[in-house]
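# Per-entry structural report
Listed here are the chains, written in short residue letters.
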Amino acid sequence: MGCPSPESAVNLAERTDPSRLPLPRATTTMRAVAADAGDARRGSLDAVLACRHAGTRKVRLNYELVGPAAAPVVFVAGGISAHRHVAANALDAAPGWAEGLLDAGRTLDPAKMRILAIDYVGADGSLDVPIDTADQADAVALLLDALGIEVLAAWVGYSYGALVGLQMAVRHPRRLRKLVAVSGVHRPHPYAAAWRALQRKAVALGRLQCADEQGLSLARQFAMLSYRTPEEFAERFDAVPEICNGQVRVAAEDYLDAAGAKFVARVSPTAWLRLSESIDLHRIDPAQVGVPVSVIAVEGDRLVPMADAVELLEGLGARGRLRVLRSPYGHDAFLKETDRIDALLAGELSGAATHSASPVSTPVSTLVCTGVSA
């Protein structure tokens, strides 16, 4: 029995300047909250979203909101495989995708901040069309309306989450006071885009062979090489290759196989493909960013080079501030360097817990640091 034929492609709309696109006009319906336990709340929003490349689409926005009702709201957004469950809470004791960053006493401690996160539009694999970071930002604006949240005290975005945060700062600047953009800038680097294109080809090849999971697993393994650094691999996997069943196997293969298997167990190929494409569709003009931005760059990040972070900073002008983190974990430093990232967030979000509800208009002066340690 052969593989099913792929769905017909959706015609792409003509590319336009994001700043000229209309704000979202959509109908929304709040669904019954699936769970509510003290300061932890989880629910969903049904909406009709005007997408940049795919026309009007029905979407469902799943969210999790944790923290005291009177506390300032901080939106936390991760990479394309992140989701609404950032850390364990009263509703869900399972570890989240950024577990340590929300521990008691941390900058993002839910006892003093209200942490909001979502499943990205398309994360369930049901939207098989081009998805723009502008679509994600417009969807978040709809969710804020539905939840009655006028202004976010801050947006903390890592990787793809930083890209969506930049779109929020362009399209909906009155909805947030400050953006912390970690390992994410105004445009994709061509080298990083080429990495992702090869990963998508691996998934496409798997589909041709009726082996979707194997293709996605291989794509994830390719991705791990771009997330981490040669220095880390030299330290962890400097061992003589083994011969197994007549074939040579290098030391890193067990690690890569495990990463691939873990990924395919929770992510659909369609969702991953469309969100991977979304990274490469991302473009904003830094001069149009309407809020103060703290750019956190990681030295050795192969996907977001330091030069691109500096270019973003220069485009932001007086609203930009650059912090630099040295880490052997490269693009994954946000997930691995919990103490050091928390120390950076403490400096960048100082006062966020006491801000009034009015939008911030004071520019942030430019500061370039050559290194940060906890």
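Residues numbered from 1 in each chain as written. Predicted model: local features only at pLDDT ≥ 70, side-chain atom pairs only at ≥ 80, totals over all residues. Heavy atoms only, no water.

### Digging into the overall build of the chain
- A count of helical and extended segments in the chain gives 10 helices and 12 strands.
- Looking at the chain as a whole, 53% of its 374 residues are labelled buried.
- For the chain, long-range pairs separated by at least 24 residues make up 73% of all intrachain contacts whose partners lie at least 6 apart in sequence.
- Counting only carbon and sulfur atoms, one obtains 52% of the accessible surface of the chain, whose full area is about 16800 Å². (Helix = DSSP H or I, 4+ residues; strand = E, 2+ residues; numbered from the N terminus. Buried < 20%, exposed > 50% of the residue type's maximum accessible area, 1.4 Å probe, protein only. Contact = heavy atoms within 4.5 Å. Areas by Shrake-Rupley, 256 points an atom, 1.4 Å probe, with all protein chains shown as cover.)

### Re the packing of aromatic side chains
- According to the stated counting rule, one finds 7 aromatic pairs in the structure shown.
- On the numbers, 4.9 Å between centres and 85° between planes, the contact of Tyr120 with Tyr160 is edge-to-face. One end of the pair, Tyr120, is in the loop between strand S6 (114-118) and helix H1 (133-147); the other, Tyr160, is in helix H2 (residues 160-171), and 40 residues separate them in sequence.
- Using a relative accessible area of 1% as the deciding quantity, one classes Tyr160 as buried.
- Plain terms: the ring middles of Phe233 and Tyr255 are 6.0 Å apart, the flat faces sit at 80° to each other, and that makes the pair edge-to-face. One end of the pair, Phe233, is in helix H5 (residues 230-236); the other, Tyr255, is in helix H6 (residues 253-264), and 22 residues separate them in sequence.
- The exposure class of Phe233 is buried, given its relative accessible area of 16%.
- On the basis of relative accessible area, Tyr255 is assigned to the buried category, the value being 17%.
- An aromatic cluster is built from Phe233, Phe237 and Tyr255, whose rings are joined through pairwise contacts.
- A cation over an aromatic ring shows up here: Lys336 above the ring of Tyr329, its NZ or CZ 5.5 Å from the ring centre. (Phe/Tyr/Trp six-rings, centres within 6.5 Å; stacked < 30°, edge-to-face > 60°. Lys NZ or Arg CZ within 6 Å of the ring centre and 35° of its normal.)

### Some remarks on the layout of surface pockets
- Size it by volume and the largest pocket reaches roughly 1100 Å³.
- Residue assignment for the lining of the largest pocket shows that the elements contributing at least two residues are H2, helix H3 (190-208), helix H4 (212-227), H6, helix H7 (269-281) and helix H9 (333-336).
- Here the element with the most residues in the lining of the largest pocket is H6; it accounts for 5 residues.
- When the residues that make up the lining of the largest pocket are grouped by side-chain class, the tally is 25 nonpolar, 15 polar and 10 charged. (1 Å grid on protein atoms, 1.4 Å probe; cavity = no way out; pocket = protein on both sides within 12 Å on 5 of 7 lines; lining within 4 Å. Points joined across faces, edges and corners; volume = space filled by probe spheres on them. Nonpolar A, V, L, I, M, F, W, Y, C, P; charged D, E, K, R; others polar.)

### Here we look at empty space enclosed by the protein
- In this structure the tally under the stated criterion is 1 cavity of 30 Å³ or more.
- In this structure, the largest cavity spans a volume of roughly 40 Å³.
- Surrounding the largest cavity, Phe75, Val76, Ala77, Gly78, Ala82, His83, Trp97, Ala117, Ile118 and Tyr120 form its lining.
- Those elements that provide at least two residues to the lining of the largest cavity are strand S5 (73-77) and S6.
- The leading source of residues in the lining of the largest cavity is S5, at 3 residues.
- When the residues that make up the lining of the largest cavity are grouped by side-chain class, the tally is 8 nonpolar, 2 polar and no charged.

### Here we look at a nonpolar patch on the surface
- Taken together, the side chains of Ile243, Val248 and Val250 present a nonpolar region at the surface, about 310 Å² in accessible area.
- With respect to the element layout, Ile243 can be found in strand S9 (residues 242-244).
- Looking at Ile243, the relative accessible area reads 68%, which means it is exposed. (Patch = residues over 30% accessible without salt bridge, like charges linked within 9 Å, V, L, I, M, F, W, Y side chains within 5 Å. Salt bridge = Lys/Arg side-chain N within 4 Å of Asp/Glu carboxyl O.)

### Focus: the pattern of salt bridges
- All told, the structure shown has 27 salt bridges when counted by the stated rule.
- Arg274 serves as the salt-bridge partner of Asp128, at 2.8 Å between the closest nitrogen and oxygen. One end of the pair, Asp128, is in the loop between S6 and H1; the other, Arg274, is in helix H7, and 146 residues separate them in sequence.
- Classification of Arg274 by relative accessible area gives buried; the value is 16%.
- Connected via shared salt-bridge partners are Lys178, Arg321, Arg323 and Glu348.

### Section: the confidence of the model for the chain
- Here the chain averages 86 in pLDDT, and 84% of its residues register 70 or above.
- pLDDT under 50 marks residues 355-374. Its contacts with residues more than four places away, or in other chains, come to 45 contacts. (pLDDT = per-residue confidence, 0-100.)

### A few points about the nonpolar core
- Leu116, Trp155, Leu179, Trp272 and Val289 are the most contacted members of the largest nonpolar core, which has 77 residues in total.
- When residues in this core are grouped by element, the largest group, 8 residues, is from H2.
- If sequence neighbours within four positions are ignored, Val289 has contacts with Leu166, Ala169, Val170, Ile284, Leu316 and Arg319.
- Of all hydrophobic cores here, the second largest spans 29 residues; its members include Val86, Ala153, Tyr158 and Val180. (Core = buried A, V, L, I, M, F, W, Y, C linked by side-chain atoms within 4.5 Å.)

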